[in-house]
Amino acid sequence: MPPSREPILTALADMLRTVPHVPVLRGEVLPERISPAGLMILRDGDPGDPAVTLSPLAYHYQHRAELEVIVQGADRDSAFAALCAQIGAVIRADRTLGGRCDWVEAEAPQPVDLPVEGAASLKAAVIPVVLHYSTSDPLG
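In this text, all values refer to a predicted model and were calculated from it rather than measured experimentally. (Residues numbered from 1 in each chain as written. Predicted model: local features only at pLDDT ≥ 70, side-chain atom pairs only at ≥ 80, totals over all residues. Heavy atoms only, no water.)

Moving on to the packing of aromatic side chains. As enumerated under the stated definition, the model contains one aromatic pair in all. Here the basic side chain of Arg-5 rests over the ring of Tyr-61, its NZ or CZ set 5.6 Å away from the ring centre. (Phe/Tyr/Trp six-rings, centres within 6.5 Å; stacked < 30°, edge-to-face > 60°. Lys NZ or Arg CZ within 6 Å of the ring centre and 35° of its normal.)

What follows is the structure, given as structure tokens:
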């Protein structure tokens, strides 16, 4: 069993960084400028209440991390769709994050258009990423 959730979240962030030209931040505030290719911000999310087995003691999580995806510009609809497709392809390529968790799956985004005064509108969404894993210590 993985010793803690931090290596899993770090591996997810590293995997998302393989999407070309799109910066991936971890738990940071939205910067003033968005890369022309877009931006992703990974939030730790909610591990939820685990299922527990007692012999051996194990806590089984369906941890819901949150991936904020933001694009800006005149062609933001197609840029957003392309970025979501790239995220899906990266996740499908390694659903266990190199053996660190049992399964990774993304849920559908619910995009919104956000007006920006004096600049092109943003298209943004939170994509829940569910991480299935077990650990022997809920604080680990």
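A few words now on the side chain of Thr-135. Along the chain, Thr-135 turns up in strand β7 (residues 119-135). At a separation of 3.4 Å, a polar atom in the side chain of Thr-135 contacts the main-chain amide nitrogen of Asp-137. (Helix = DSSP H or I, 4+ residues; strand = E, 2+ residues; numbered from the N terminus. Polar contact = N/O pair within 3.5 Å; in protein donor to acceptor, adjacent residues only side chain to side chain.)

Here the focus is unusual backbone geometry. Cis rather than trans, the peptide bond between Ser-55 and Pro-56 has omega equal to -5 degrees. By secondary structure assignment, the location of Pro-56 is in the loop between β3 (51-54) and β4 (57-72). For His-21, which is not glycine, the phi dihedral falls at a positive 70 degrees. Overall, the relative accessible area of 70% leaves His-21 in the exposed class. Backbone geometry places Leu-97, a non-glycine residue, at a positive phi of 50 degrees. Counting through the fold element by element, Leu-97 comes out in the loop between α2 (76-93) and β5 (103-106). (Buried < 20%, exposed > 50% of the residue type's maximum accessible area, 1.4 Å probe, protein only.)

Our focus in this paragraph is the side chain of His-63. Examined against the element boundaries, His-63 turns out to sit in strand β4. Here the side chain of His-63 touches Asp-44 through a polar contact of 2.5 Å, landing on its backbone oxygen. The contacts of His-63, once residues within four sequence positions are left out, are Arg-5, Leu-9, Asp-44, Gly-45, Asp-46, Pro-47, Val-129, Val-130, Leu-131 and Tyr-133. (Contact = heavy atoms within 4.5 Å.)

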